[in-house]
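# Breakdown of the fold
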Amino acid sequence: AQSVTQPDIHITVSEGASLELRCNYSYGATPYLFWYVQSPGQGLQLLLKYFSGDTLVQGIKGFEAEFKRSQSSFNLRKPSVHWSDAAEYFCAVGPFNNAGNMLTFGGGTRLMVKP
Amino acid sequence: DAGVTQSPTHLIKTRGQHVTLRCSPISGHKSVSWYQQVLGQGPQFIFQYYEKEERGRGNFPDRFSARQFPNYSSELNVNALLLGDSALYLCASSIFRVMNTEAFFGQGTRLTVV
């Protein structure tokens, strides 16, 4: 069965500092990996996705993620965090041929940004 | 262009009642999926529908059902509501079975069962 683990439930960083959110997955086939962001009471916004090819993918809002097959990881990074990045971040995995449907999500990491 | 729209945005129901949630996909999208997000947790996949047929189902009891209409909109129905059904219900629409694209999520319906 597939699963996604986000080991950090909460992370606090200072504005301007770098950020890395961890994600480990277990999936029995070719994974299709995603990072979503959710502001309180809102839906999910896609930050980036990895399907194939270059293992370092760029997303919106200055985020990037690196796929490491040997470690079953897909960590999200940002070089300089802004106060507006405070939100909940979810990593997800799904079948590669289903247009991002039938996703399995991690439990999320809540990011707080100190001024 | 309108995104995925869900209605209502909030509702309160009593245990044992039935509820219907609605979703309109992005124009041109023929697949609709439903997710349940309990407070403090990640979303959990409930159903995927395409061309009015169920194409995938998560680990949810039979109290949960859904359908898709000819205009590709969808309803999620939950019978015999339990307190544990209180959650944000998210709908997502997409093209069906295409690689390297993604589903787009609505803002959700917040269901509170009292």
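Model, not experiment: these values are computed from the prediction. (Residues numbered from 1 in each chain as written. Chains lettered and ligands numbered in written order. Predicted model: local features only at pLDDT ≥ 70, side-chain atom pairs only at ≥ 80, totals over all residues. Heavy atoms only, no water.)

### Here's the deal with the overall build of chain A
A count of helices and strands for chain A gives zero helices and 12 strands. Helices and strands appear in chain A in the N-to-C order β-β-β-β-β-β-β-β-β-β-β-β. Relative to its length of 115 residues, chain A is compact, with a C-alpha radius of gyration of 13 Å against a globular reference of 13 Å. Summarising its shape, the C-alpha atoms of chain A cover approximately 40 × 30 × 20 Å along the three principal directions. Looking at chain A as a whole, 50% of its 115 residues qualify as buried. Summed over all atoms, the accessible surface of chain A reaches about 5,200 Å², with 49% contributed by carbon and sulfur. (Helix = DSSP H or I, 4+ residues; strand = E, 2+ residues; numbered from the N terminus. Rg over C-alpha atoms; globule rule 2.2 N^0.38 Å. Buried < 20%, exposed > 50% of the residue type's maximum accessible area, 1.4 Å probe, protein only. Areas by Shrake-Rupley, 256 points an atom, 1.4 Å probe, with all protein chains shown as cover.)

### Here's the deal with the side chain of S74 of chain B
Residue and element names in this part refer to chain B. Positionally, S74 belongs in strand β8 (residues 74-78). Judged by relative accessible area, S74 falls into the buried class, the value being 1%. In terms of polar contacts, S74 uses its side chain to reach the backbone carbonyl oxygen of R67, at 2.9 Å. Non-local contacts of S74, meaning those with residues more than four positions away in its chain, are made with L21, R22, C23, V32, W34, R67, Q68 and F69. (Polar contact = N/O pair within 3.5 Å; in protein donor to acceptor, adjacent residues only side chain to side chain. Contact = heavy atoms within 4.5 Å.)

### Quick look at the packing of aromatic side chains
Considering all chains together, one arrives at 16 aromatic pairs over all chains under this definition. Pairing Y25 of chain A with F67 of chain A gives two aromatic rings, centres 6.2 Å apart and planes at 25 degrees, and the pair type is stacked. With Y25 of chain A in strand β4 (residues 24-26) and F67 of chain A in strand β8 (residues 64-68), this pair connects stretches of sequence that are 42 residues apart. For the pair Y25 of chain A and F67 of chain A, a shared accessibility class is recorded, and that class is buried. With a centroid separation of 6.3 Å and 75 degrees between ring planes, the pair formed by F105 of chain A and F105 of chain B is classed as edge-to-face. (Phe/Tyr/Trp six-rings, centres within 6.5 Å; stacked < 30°, edge-to-face > 60°.)

### As for the state of the cysteines
Residue and element names in this part refer to chain B. According to the stated counting rule, one finds two disulfides over all chains in the structure shown. A sulfur-sulfur separation of 1.8 Å characterises the disulfide bridge that pairs C23 with C91. One disulfide, between C23 and C91, carries an S-S torsion of -65 degrees and so falls in the left-handed class. Of this pair, C23 sits in strand β3 (residues 19-24) while C91 sits in strand β9 (residues 87-94); the two residues are 68 residues apart in sequence, bridging distant segments of the chain. (Disulfide = S-S within 2.5 Å.)

### Describing the sheet that holds strand β7 (residues 64-68) of chain B
One key point about sheets: their strands pair by backbone hydrogen bonds, in either a parallel or an antiparallel sense. Residue and element names in this part refer to chain B. Read from one edge of the open sheet, four strands run β1-β3-β8-β7, paired in antiparallel fashion. In the strand order of this sheet, the two ends are held by β1 (5-7) and β7, each with one partner. Each neighbouring strand pair of the sheet contributes to a mean axis angle of 20 degrees, computed without reference to strand direction. (Pairing = 2+ DSSP bridges. Axes fitted to C-alpha atoms, helices over the stretch in contact; angles between N-to-C directions.)

### Here we look at the environment of G16 of chain B
All names here are of chain B. Within the fold, G16 resides in the loop between β2 (10-13) and β3. For G16 and N79, which are 63 residues apart along the polypeptide, the C-alpha to C-alpha distance reads 7.2 Å. Those residues in contact with G16 that lie beyond four places of it in its chain are A80 and L81.

### Regarding the nonpolar core
Counting residues in each nonpolar core, the largest one holds 27 residues, and the members touching the most others are L19, W35, L47, L48, F74, L76 and Y89 of chain A. Contributing elements (two or more residues each) for this core: β2 (10-14), β3 (19-21), β5 (31-38), β6 (45-50), β8, β9 (73-78), β10 (87-95) and β12 (109-114) of chain A. Broken down by element, the residue count for this core peaks at four residues, all from β10 of chain A. Setting aside anything within four residues of it in sequence, one finds L47 of chain A in contact with W35, Y36, V37, G59, I60, K61, F63, L76 and Y89 of chain A. Among the nonpolar cores identified, the runner-up in size contains 22 residues, and V19, W34, I46 and C91 of chain B belong to it. (Core = buried A, V, L, I, M, F, W, Y, C linked by side-chain atoms within 4.5 Å.)

### Examining the interface of chain B and chain A
Each side of the interface is counted separately: chain B has 27 residues, and chain A has 23 residues. Between chain B and chain A, a total of about 1,900 Å² is buried, with carbon and sulfur atoms accounting for 52% of that surface. Taken together, the connections running from chain B to chain A amount to one salt bridge. In this structure, the salt-bridge partner of E102 of chain B is K49 of chain A, at a minimum N-O distance of 3.2 Å. In this structure, the connection of chain B to chain A is made through six residue pairs in polar contact (both at pLDDT 80 or more). Elements that contribute at least two residues to the side of chain B that touches chain A include exactly β4 (31-37), β5 (44-50), β6 (53-57) and β9 of chain B. Top element by residues in the side of chain B that touches chain A is β4 of chain B. It accounts for four residues. Counted by class, the side of chain B that touches chain A contains 11 nonpolar, 13 polar and three charged residues. (Buried area = accessible area lost by both parts, 1.4 Å probe. Salt bridge = Lys/Arg side-chain N within 4 Å of Asp/Glu carboxyl O. Nonpolar A, V, L, I, M, F, W, Y, C, P; charged D, E, K, R; others polar.)

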